[in-house]
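So you can see what is in the structure, the chains are spelled out below.
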Amino acid sequence: PSDKLSKYHKKKERLKALFNDEYDGNEDESKHFVELKEQSDAQTRLNKEFFNEEPDRERYEGHRPGQYVRIVFTKLPFELVRHFDPHYPLVLGGVAPVEQQMGLVQARVKRHRWYPKILKNQDPIVISCGWRRYQTRPVYSIQDHNMRQRMLKYTPEHMHCHATFYGPLAPPNTAFIATQGATDKRSSSFRIVMTGVVLGLDKTVEVVKKLKLTGTPYKIYKNTAFLKGMFSSVLEVSKFEGAIIKTVSGIRGQIKRPLSAPAGACRATFEDKIQMSDIVFLRCWVGVDIPKLYVPVVNLLAEDKVWSGMRTVGEIRREQGLAIPVKKDSQYTPIERRDKVFKPLVVPKNLQKNLPFKTKPKLSKKRNNQLYVTKRAVVNEPGEKKLITLMQQLLTAQKDSDKRRSDKKKQDRAKHDAQVAQLDRKLHNKAKERRKVFYRKNAKADQAEKD
């Protein structure tokens, strides 16, 4: 036991000696360290005395410890380092894990009142939401009374509307702004095109637009008709079985079954017999696909700090000098409708014999030659001429008397209205004076009570 104890003491002494050598060091090393510390302190005091908090102190001395933060980035593009400009400020920010997911964002937007144009559906815009700036293509819609999101071709002038676009998710009630481009060169007018706020994050957003299908009948059997030109295949007809259709004349109907030939033909029933000249149309709604475009604005990666994303169709046409294509079918043309001429009612003679007299047709045939009564000339006697002249003079005098009487009534009515208006003004002024006196007395009485 004594041997083991002695070995243990020797081991402890050896470890203590190593510890002292490691942390105490030699006297020469400690002196050198103290000299370096004194030199550093002396240089610090000299810098403080020389610069004395001058504005250009940081230019020569640099930033002191505690005035800056060192951040290490990973997976950065090499263009950021190559084209780094220390005079161009960088703003650092962080996003929550939820905001790193991508999806469809619903927002309520409104065109900025200083922006001179309205916005077109699916035109690319740059959205600044939170710490992100990215380019996307929104689909504008408006909510109907039945909660249907109906697509709009353009944003309203002075109204809010809904916008659905693809991008990073943001919490509800997050405000954002949108511009047409990321640089001033894209637009010479006010740059902020619209403002908005995020409403919700729903992956089942459905935006619909109107679709009108038209067809014509090619066979008619009483209230049943075979239609063509409305669909292109049997599958399309099967999707619209039971749909409500209508003719231009207002006769309603329903699609029943598809037909084998021709392709896209169907059988339909109506509430009344239709004509071969009728046009049948079907009003329905079709879904609109939201374009999944997300292009972050990376202007710091360019040497001149200018970023150009997707251009609008108008900008491309303007730069290339292209004219707007004109479709003849889309132009308005004057509508010329011929008046429908119905054939005259013809009652057979056998049926006319059995009809009572009051229901028999009493139509006289047109005569090619005029009768004697219509083409004869009437010659008045001298006494009849005087009588006709006298009656004309009496009628003229009566008309003149009636006119003078009506003019006199108008003048009297205008004079009476003026008198009534003057009387009303006097009564109004008197009532106003009475109210002033009443309120003045009440004010004096209240003041006296307070005193």
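Right above here is the structure, for reference.
Just so it is clear, the structure is predicted and the values come from calculations on it, not from any experiment.

Calculation criteria
As a convention, each chain's residues are numbered from 1 in the sequence order in which they are written. Residue-level local features of this predicted model are given only where pLDDT is at least 70; pairs of side-chain atoms are given and counted only at 80 or more, and the full residue set underlies all totals for whole chains, interfaces and linings. Just so you know, side-chain values use all the structure's heavy atoms and leave hydrogens and water out. Two rings from Phe, Tyr or Trp (for Trp, the six-membered ring) form a pair when their centres are within 6.5 Å of each other. A pair whose planes differ by under 30 degrees is stacked, one over 60 is edge-to-face, and the rest are tilted. Partly exposed residues are those whose accessible area sits between 20% and 50% of the maximum for their type, while under 20% is buried and over 50% is exposed, using a 1.4 Å probe and protein chains only. Our definition puts a charge over a ring when NZ of Lys or CZ of Arg is within 6 Å of the ring centre and also within 35 degrees of the ring normal. Only DSSP runs of H or I covering at least 4 residues are called helices, and only runs of E covering at least 2 are called strands; the numbering of each starts at the N terminus. Contacts: residue pairs with any heavy atoms within 4.5 Å of one another. Grid spacing is 1 Å over the protein atoms alone, the probe is 1.4 Å, and a cavity is where that probe fits but cannot get out, while a pocket is an open set with protein on both sides within 12 Å along at least five of seven lines and lining residues have an atom within 4 Å of a point. Grid points are joined across faces, edges and corners, and a volume is the space filled by probe spheres set on the points. Each residue gets one of three labels, nonpolar for Ala, Val, Leu, Ile, Met, Phe, Trp, Tyr, Cys and Pro, charged for Asp, Glu, Lys and Arg, and polar for the others, Gly among them. Residues form patches when they are more than 30% accessible in relative terms and have no salt bridge. Like charges link within 9 Å. Nonpolar side chains (Val, Leu, Ile, Met, Phe, Trp, Tyr) link within 5 Å. The Shrake-Rupley method, run with a 1.4 Å probe, gives the accessible areas here. Residue values count only the displayed protein chains as cover. The rule for a salt bridge is simple: a side-chain nitrogen of Lys or Arg has to be within 4 Å of a carboxyl oxygen of Asp or Glu.

Visitor: Can you tell me about the packing of aromatic side chains, naming the residues and giving the values?
Guide: Inspection of the entire model under this criterion finds 7 aromatic pairs. Plain terms: the ring middles of Tyr221 and Phe226 are 5.7 Å apart, the flat faces sit at 65° to each other, and that makes the pair edge-to-face. Note on Tyr221: relative accessible area 49%, which makes it partly exposed. Grouping aromatic residues by their ring pairs yields a cluster made of Tyr218, Tyr221 and Phe226. Positioned above the aromatic ring of Phe281, the side-chain terminus of Lys212 is 5.2 Å from the ring centre. The positively charged end of Lys305 is found above the aromatic ring belonging to Tyr88, 5.8 Å away from the centroid.

Visitor: Quick one: what's the story with unusual backbone geometry, residue by residue and with numbers?
Guide: Residues Ala261 and Pro262 are joined by a peptide bond in cis, for which omega reads -10°. Locating Pro262 in the fold gives a position in the loop between β12 (252-258) and β13 (266-270). One non-glycine residue, Lys75, lies in the positive phi region at around 60°. Counting through the fold element by element, Lys75 comes out in the loop between α3 (57-61) and α4 (78-82). Residue class for Lys75 comes out exposed when judged on its relative accessible area of 84%.

Visitor: Requested: an account of the environment of Val234, with residues and values cited.
Guide: Mapped onto the elements, Val234 comes out in helix α5 (residues 234-239). Between the C-alpha atom of Val234 and that of Gly264, which follows or precedes it by 30 residues, the distance is 5.5 Å. Dropping the residues within four chain positions of it, Val234 is found in contact with Pro258 and Leu259.

Visitor: Would you mind going over the layout of surface pockets in detail, with residue names and values included?
Guide: The space that makes up the largest pocket amounts to roughly 1400 Å³. What lines the largest pocket is a set of 28 residues, and nearest its centre among them are Leu90, Val91, Leu92, Trp131 and Leu300. Secondary-structure elements contributing two or more residues to the lining of the largest pocket are α4 and β3 (132-136). Its residues placed into classes, the lining of the largest pocket shows 19 nonpolar, 6 polar and 3 charged.

Visitor: How would you explain a nonpolar patch on the surface if you had to name every residue and give the values?
Guide: On the surface, a nonpolar cluster with roughly 520 Å² of combined accessible area is contributed by Val69, Ile71, Phe73, Leu76 and Leu92. You can see Val69 is positioned in the loop between α3 and α4.

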